[in-house]
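# Residue-level structural notes
One letter stands for each residue in the lines below.
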Amino acid sequence: MMRKAELARRRFLSRTLAAGATLLLAGCDKLSRTEWFPQLLGSAEKLNQTVHHLIAPRTAMAKEFGEADLSPVFPTNGTSDPENSDYRAWAANNFADWKLAIGGLVEQPGSFSLAELQGLPARTQITRHDCVEGWSAIAKWKGVKLGELLQRVRPLPQARYVMFFCADPMDESGQKYYESIDMEDAFHPQTILAYELNDQPLPVKNGAPVRLRVERQLGYKHAKYIMRIELAESFENIAEGKGGYWEDQGYEWYAGI
Ligand SMILES: Nc1nc2c(c(=O)[nH]1)N[C@H]1C(S)=C(S)[C@@H](COP(=O)(O)O)O[C@H]1N2
Ligand SMILES: [Mo]
């Protein structure tokens, strides 16, 4: 016969597993939008490795570093100064009259000035950026939490992806840089739209006025020069349909590290 304590432990674990599976299936369930959600799973994972393997890959926090680990220089890669006349005009005025438009599958489309974004709940984090071209660097980023921002426009239940459209044209076809992440990563506590790099306003070469930080994914996912955000059910009809500028040329859509 099973001991009482053992029975209780098993009941708890199966409940935890069931809850975890439901949340995974729900995808953008409200629960996954709160800070405590990953923490709760964090304590569950100590009890059971299966839970850990099921859930940790998508909810774990990326490693954070200290001030002493900061790289002396944070490089720039890809576009470093968009050749776009609207962008140039905004940059010349320190983005005082730039606005970030958010639309698509949301109840309340809106647009946000840089000052408005800076007034929303922010997060600061020191993380390592890994570029597939063979360099890594550690920097301090401050930005608005993407989940908090999205809550303001109220995503519709059909929304599965957050699309980021950038200012920089990358090639002669006129195809602009774009990227996409799913709701799970959008509401991850470390996913921010950064407007500061190493305690300074984000420089143009690193994506001013705002660039995505989606820690635990490779550099090309971190869209710079974001002009417009759109929530969508699918990205199949956008450009080559692979969900991002580099994805359209064969890179992985989920660039987890
Ligand atoms: N809009 C835009 N975003 C972009 C790129 C780009 O060329 N344009 N390059 C990507 C790549 S490959 C990397 S490694 C990082 C580089 O960011 P950094 O210039 O701040 O180092 O931005 C990513 N986001
Ligand atoms: Mo990169």
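As a reminder, the structure under discussion sits directly above these lines.
Residues numbered from 1 in each chain as written. Chains lettered and ligands numbered in written order. Predicted model: local features only at pLDDT ≥ 70, side-chain atom pairs only at ≥ 80, totals over all residues. Heavy atoms only, no water.

## Considering the overall build of the protein
Note the threshold: Numbering goes from the N terminus for both helices and strands, where a helix is a DSSP run of H or I of at least four residues and a strand is a run of E of at least two. Buried residues are those whose accessible area, probed at 1.4 Å on protein chains only, stays under 20% of the maximum for their type, while exposed residues exceed 50% and partly exposed ones sit between those limits. Only heavy atoms matter for contacts: two residues are in contact if any of them lie within 4.5 Å across the pair. Computed with the Shrake-Rupley method and a 1.4 Å probe, the accessible areas treat only the protein chains shown as cover for residues.
What the protein contains, in helices and strands, is seven helices and ten strands. Sorting the 257 residues of the protein into buried and exposed places 47% on the buried side. Of the contacts made within the protein by residues no fewer than 6 positions apart, 69% connect residues no fewer than 24 positions apart. Total accessible area on the protein stands at roughly 13000 Å², and carbon and sulfur atoms take up 52% of it.

## Thoughts on the site of ligand 1
This is how the line gets drawn: We call a residue near a molecule or strand whenever a single non-hydrogen atom of that residue lies within 4 Å of it. Here a polar contact is taken to be a pair of N or O atoms separated by no more than 3.5 Å, where protein atoms must pair a possible hydrogen donor with a possible acceptor and residues adjacent in sequence count only if both atoms sit in side chains.
Around ligand 1 there are 22 residues in total, and Pro-75, Asn-77, Thr-79, Asp-168 and Lys-224 lie nearest to it. The backbone of Thr-79 places a nitrogen or oxygen atom 2.9 Å from an oxygen atom of ligand 1. In the environment of ligand 1, a nitrogen atom lies 2.7 Å from a nitrogen or oxygen atom belonging to the side chain of Asp-168. Here ligand 1, which alone exposes 530 Å², has 99% of that area covered by the protein.

## Details of unusual backbone geometry
The omega angle of the peptide bond from Ala-208 to Pro-209 is 5°, so this bond is cis rather than trans. As for its position among the elements, Pro-209 is in the loop between β8 (200–201) and β9 (211–213). A positive phi angle, close to 50°, is found at Asn-94, a residue other than glycine. Within the secondary structure, Asn-94 is located in the loop between α4 (85–92) and β1 (99–104). Residue Asn-94 is classed as exposed on the basis of its relative accessible area, which comes to 64%.

## With respect to the pattern of salt bridges
Defined as follows: Salt-bridge detection follows one rule: a side-chain nitrogen of Lys or Arg within 4 Å of a carboxyl oxygen of Asp or Glu.
In this structure the tally under the stated criterion is twelve salt bridges. One continuous salt-bridge network, built from bridges that share partners, spans Glu-67, Lys-140 and Asp-199.

## A closer look at the packing of aromatic side chains
What counts here: Any pair of Phe, Tyr and Trp rings, taking the six-membered ring for Trp, is counted once the centres come within 6.5 Å. Such a pair is stacked with planes under 30 degrees apart, edge-to-face with planes over 60 apart, and tilted for the rest.
Enumeration over the complete set of coordinates arrives at 13 aromatic pairs. Summarising the aromatic geometry, the rings of Tyr-161 and Trp-253 are spaced 5.7 Å apart at their centres and angled 85° between planes, so their arrangement reads as edge-to-face. Here Tyr-161, found in strand β5 (residues 161–169), pairs with Trp-253, found in the segment after β10 (226–232); they are 92 residues apart in sequence, far enough to count as distant. Taken together, a centroid distance of 6.2 Å and an interplanar angle of 15° make the contact between Phe-165 and Tyr-178 stacked. One end of the pair, Phe-165, is in strand β5; the other, Tyr-178, is in strand β6 (residues 176–182), with 13 residues separating them in the sequence.

## Considering the nonpolar core
Condition: Here, nonpolar core means buried Ala, Val, Leu, Ile, Met, Phe, Trp, Tyr and Cys residues that are tied together by side-chain atoms lying within 4.5 Å of each other.
Counting 41 residues, the largest nonpolar core has Leu-146, Leu-149, Phe-164, Leu-193 and Ile-229 as its most contacted members. Elements with a contribution of two residues or more to this core: β1, α5 (114–118), α6 (146–153), β5, β6, α7 (183–186), β7 (192–197) and β10. Non-local contacts of Ile-229, meaning those with residues more than four positions away in its chain, are made with Leu-100, Ala-101, Ile-102, Gly-103, Leu-146, Val-162, Met-163, Phe-164 and Leu-193. Of all hydrophobic cores here, the second largest spans ten residues; its members include Cys-131, Trp-135, Trp-141 and Ala-194.

The quantities given are spatial measurements derived from coordinates; they are silent on function.
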